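Take a look at the letters that make up each chain.
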Amino acid sequence: MKKLYYYFYFILFFSTNALAQQISLSDIKIGSKLTDYFTSNEISKYYQDNMEKNAKGEYFWGKDFKYSAVAFDGNEIGDDHDFIQIYYENKTYKIVAISAATADLELNQCIQLRDNKVSKHVAKKLLLNFIKDKDSHTFPDGMKDDYVLFRGIKSTIGFRCYIYKDGSIDYRFSDIEKSYDAWLFKKFNEK
C-alpha cells in the first residue's frame, strides 16, 4: 500500500508540474487566483521584485507593497511573446493584470503586429460589449504609448506599441482589471 501511495504521489507531482508549464496565456483569467495556475515553488521561481520605477524613481511592486508580479519567457509555456508578466494582489493572490510583450521591433513592425492582434481578437468576437479607444499618451519619463484599447465593464484589454526614449520599441498586450489600471496609470504618471 505504501508503495502504491508513492507511485500515485510521483505521478501526481509530475503531471501537476507539467500542466502548469502548458498553460496558455488565454487560459489565465483576471480575478482568478495565481495559485490556480502555479505552485508556490513556481511563484517563488518566477517572482519579480521591484521591476520598474516611476518617473520619481520609486518602486511600487513587491512583497512590501500592495501588488507583486511573476514574469517568465513566453517559450516556457509555449507562447510566442518574448516575456509574460502576471500581476497579483499580495494578500489574496488575485490576478489583477496579465501582460505579454515582444521586444526590439521597428515602429512599422509594432504597428502591424498590434493591428493584426486587434483584428484577430475582433474576428473571434472576444471584445463584444467593449468600447474601442485608439490614441497615444506620453508618460513623464518620455515613453510614448501608441495604443488601441477596449474598455469593458471590469477590465481593459490593450494592444500597445511602447516607444521608449532611447528609441527601442516593444509591442505589449495587456488585460487589466479596472481598479488596478487606474492605480497603475496614477503611479506611472506621478512626477
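Refer to the structure presented above.
Note that this is a predicted model, so its numbers are computed, not measured.

What counts, and at which threshold
- Residues numbered from 1 in each chain as written.
- Predicted model: local features only at pLDDT ≥ 70, side-chain atom pairs only at ≥ 80, totals over all residues.
- Heavy atoms only, no water.
- Helix = DSSP H or I, 4+ residues; strand = E, 2+ residues; numbered from the N terminus.
- Buried < 20%, exposed > 50% of the residue type's maximum accessible area, 1.4 Å probe, protein only.
- Contact = heavy atoms within 4.5 Å.
- Areas by Shrake-Rupley, 256 points an atom, 1.4 Å probe, with all protein chains shown as cover.
- Pairing = 2+ DSSP bridges.
- Axes fitted to C-alpha atoms, helices over the stretch in contact; angles between N-to-C directions.
- Phe/Tyr/Trp six-rings, centres within 6.5 Å; stacked < 30°, edge-to-face > 60°.
- Lys NZ or Arg CZ within 6 Å of the ring centre and 35° of its normal.

### Some points on the overall build of the protein
Stage number 1. When helices and strands are tallied, the protein shows four helices and eight strands.
Stage number 2. In the protein, the succession of helices and strands from N to C terminus is α-α-β-β-β-β-α-β-β-β-β-α.
Stage number 3. When the 191 residues of the protein are sorted by exposure, 41% land in the buried category.
Stage number 4. Restricting the contact set of the protein to residue pairs at least 6 apart, pairs at least 24 apart contribute 46%.
Stage number 5. Surface accessibility of the protein: about 11400 Å² in total, with carbon and sulfur atoms responsible for 54%.

### Notes on the sheet that holds strand E8 (residues 169–177)
Stage number 1. Across the sheet, which stays open at both edges, the eight strands sit in the order E1-E2-E3-E4-E8-E7-E6-E5 with antiparallel pairing between neighbours. Single-partner strands in this sheet number two, and they are strand E1 (47–48) and strand E5 (131–138).
Stage number 2. Pairing geometry for strand E6 (residues 144–151) and strand E7 (residues 155–163), over eight bridges, is antiparallel. For Leu149, the partnering residue across the bridge sits in E7 and is Gly158.
Stage number 3. Helix H3 (residues 107–123) rests against strand E4 (95–102), E5, E6, E7 and E8 of the sheet, and its axis sits at about 165° to E7.
Stage number 4. The strands that helix H4 (residues 178–188) touches are strand E2 (67–73), strand E3 (83–89), E4, E5, E6, E7 and E8; relative to E8, the one it contacts most, it runs at about 130°.

### Digging into the packing of aromatic side chains
Stage number 1. For the structure shown, the criterion picks out 11 aromatic pairs.
Stage number 2. Among the aromatic residues, ring-to-ring pairing joins Tyr67, Tyr87, Tyr180 and Trp183 into one connected group.
Stage number 3. Of note, Lys63 hangs over the ring of Tyr47, and the distance from its end group to the ring centre comes to 4.5 Å.

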